[in-house]
Amino acid sequence: MTQPKDSYKLSELPDNLMLSPKFLFDWWDGVIEKYGGEVAISNKSPDFKLARELWVAGVFACCKRLSSEKEHWVSAVTDQAPDALVAYFDLDDIGANRQIYQIEVTEYDNHSENLEQTLKKKLDKAYHPTTRIVCYMTHSDPKYVNSNNPRGYEVWLLGGFIPKRDKAVNPQKLLCLTTGEDYQIDMDEEKQVPNVAEAVWVPNTKSINKEGKLN
């Protein structure tokens, strides 16, 4: 797969194309190399925002792969909630089912008023009940979420951390404030783990051949 002329414009890709996390990580590295880290992180244009959201979704997909031992894929969602889909495939007697996590991303950075207000903007909205809210940040107190989440969304925090006994070069931690799930990965290692392909087309209906394999 080749990148479009402007490498940050993931919005130009088809909606039914699911990308491997490694492809998204390589893409994001290309964005930083081309535009610089400060622009990539802070630019508020829709294309840069989408690129950051899909990077976050890619980290979520890697963490879920660790617990399920199944390849996970990421797809952009434009002009509506959620921000991205993370999915894996299950095969049954009829065909292939795509099992989907709906991912809504929020960013907590130096320009944010405070963490509570950042989360409140998301928790007050009426997303799909299974939406996973992922806040990209470095630290927080989960008490606020536990007492201000009437719809019961899963709320995740994603950020760098310093592992006590880990030689990780680029450690990232994904913590669910509402279920207690906790993942730690080394992004430098994850960038080297490819899926079976860079992307897959999602059929409109179940698709399976006579040998029982997904087309």
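So, here is what we can say about the structure in this document. By convention here, each chain's residues receive numbers from 1 onward along its written sequence. In keeping with the model being predicted, local features are shown solely for residues with a pLDDT of at least 70 and side-chain atom pairs are shown and tallied solely at 80 or more, while totals for entire chains, interfaces and linings include all residues. Each side-chain value is worked out from all heavy atoms of the structure, with water and hydrogens disregarded.

1. Some points on the overall build of the protein
Part 1: Secondary structure elements follow DSSP: runs of H or I of four or more residues count as helices, runs of E of two or more count as strands, with numbering from the N terminus. Within the protein, the regular secondary structure consists of six helices and nine strands.
Part 2: Only protein chains enter the accessibility calculation, which uses a 1.4 Å probe. A residue is then buried if its area is under 20% of the maximum for its type, exposed if over 50%, and partly exposed in between. Burial status across the protein gives 45% buried among its 215 residues.
Part 3: The contact criterion used is simple: two residues touch if any of their non-hydrogen atoms lie within 4.5 Å. Put simply, 53% of the contacts in the protein that link residues at least 6 apart link residues at least 24 apart.
Part 4: A total of about 11900 Å² of accessible surface is found on the protein, and carbon and sulfur atoms cover 49% of it. The Shrake-Rupley method, run with a 1.4 Å probe sphere, supplies the accessible areas, and residue values consider only the shown protein chains as cover.

2. Brief notes about the packing of aromatic side chains
Part 1: Each pair of aromatic rings taken from Phe, Tyr and Trp, with Trp reduced to its six-membered ring, is defined by centres within 6.5 Å and is described as stacked if the planes are under 30 degrees apart, edge-to-face if over 60, and tilted in the remaining cases. Tallied over the full model, the rule gives eight aromatic pairs.
Part 2: For the ring pair phenylalanine 23 and tryptophan 27, a centre distance of 5.2 Å and an interplane angle of 70° mean the geometry is edge-to-face. One end of the pair is phenylalanine 23 and the other is tryptophan 27, both in helix α1 (residues 21-35) and four residues apart, which spans about a single turn.
Part 3: The exposure class of phenylalanine 23 is buried, given its relative accessible area of 7%.
Part 4: Ring-pair connections join several aromatic residues into one group, and the members of that group are Phe60, Tyr88, Tyr101, Trp156 and Tyr183.

3. A short note on the side chain of aspartate 186
Part 1: Here aspartate 186 lies in strand β8 (residues 182-186).
Part 2: Despite its burial, aspartate 186 pairs with no opposite charge; the closest candidate is lysine 191, at 8.3 Å N-O.
Part 3: Whenever two N or O atoms come within 3.5 Å, that pair is a polar contact, provided that in protein one can donate a hydrogen and the other can accept it, and provided that, for residues adjacent in sequence, both atoms are side-chain atoms. Engagement of the side chain of aspartate 186 in a polar contact is seen with the backbone nitrogen of valine 169, the distance being 3.0 Å.
Part 4: Polar side-chain contacts of aspartate 186 include one of 3.0 Å to the backbone nitrogen of asparagine 170.
Part 5: If we ignore the near neighbours within four places in the chain, the residues touching aspartate 186 are Ala168, Val169, Asn170 and Pro171. As used throughout, the charge tally considers Lys and Arg to be positive and Asp and Glu to be negative, leaving His and the chain termini uncounted. Here a salt bridge means any side-chain nitrogen of Lys or Arg lying within 4 Å of a carboxyl oxygen belonging to Asp or Glu.

4. Some points on the pairing of strand β5 (residues 132-136)
Part 1: Within β5, four of the five residues are buried, which leaves it mostly tucked inside the rest of the structure.
Part 2: Each pair of strands is called paired provided DSSP finds at least two bridges between the two strands. Relative to β5, strand β4 (residues 96-107) runs parallel, the two sharing five bridges. The residue of β5 that forms the bridge with glutamate 104 is isoleucine 133.
Part 3: Two strands pair when backbone bridges link them, and β5 and strand β6 (residues 154-160) are joined in this way by five bridges, in the parallel orientation. Among the inter-strand pairings, arginine 132 is bridged to a residue of β6, identified as glutamate 154.

5. Comments concerning the environment of valine 200
Part 1: Here valine 200 lies in strand β9 (residues 199-201).
Part 2: Sequence spacing of valine 200 and asparagine 16 is 184 residues, and the spatial spacing of their C-alpha atoms is 8.5 Å.
Part 3: Those residues in contact with valine 200, other than ones at most four positions away along the chain, are Asn16, Leu17, Met18, Trp73 and Phe89.

6. Digging into the pattern of salt bridges
Part 1: Under the counting rule described, the total for this entry stands at eleven salt bridges.
Part 2: We note a salt bridge from aspartate 29 to lysine 191, for which the minimum N-O separation is 3.2 Å. Within this pair, whereas aspartate 29 is found in helix α1, its partner lysine 191 is found in the loop between α6 (187-190) and β9, the two being separated by 162 residues in sequence.
Part 3: Residue classification places lysine 191 among the buried residues on the basis of a relative accessible area of 16%.
Part 4: Where lysine 70 meets aspartate 90, a salt bridge forms, and the shortest distance between an N and an O atom there is 2.4 Å. Here lysine 70, found in the loop between α3 (46-68) and β2 (73-76), pairs with aspartate 90, found in strand β3 (residues 84-91); they are 20 residues apart in sequence, far enough to count as distant.
Part 5: Residue classification places aspartate 90 among the partly exposed residues on the basis of a relative accessible area of 23%.

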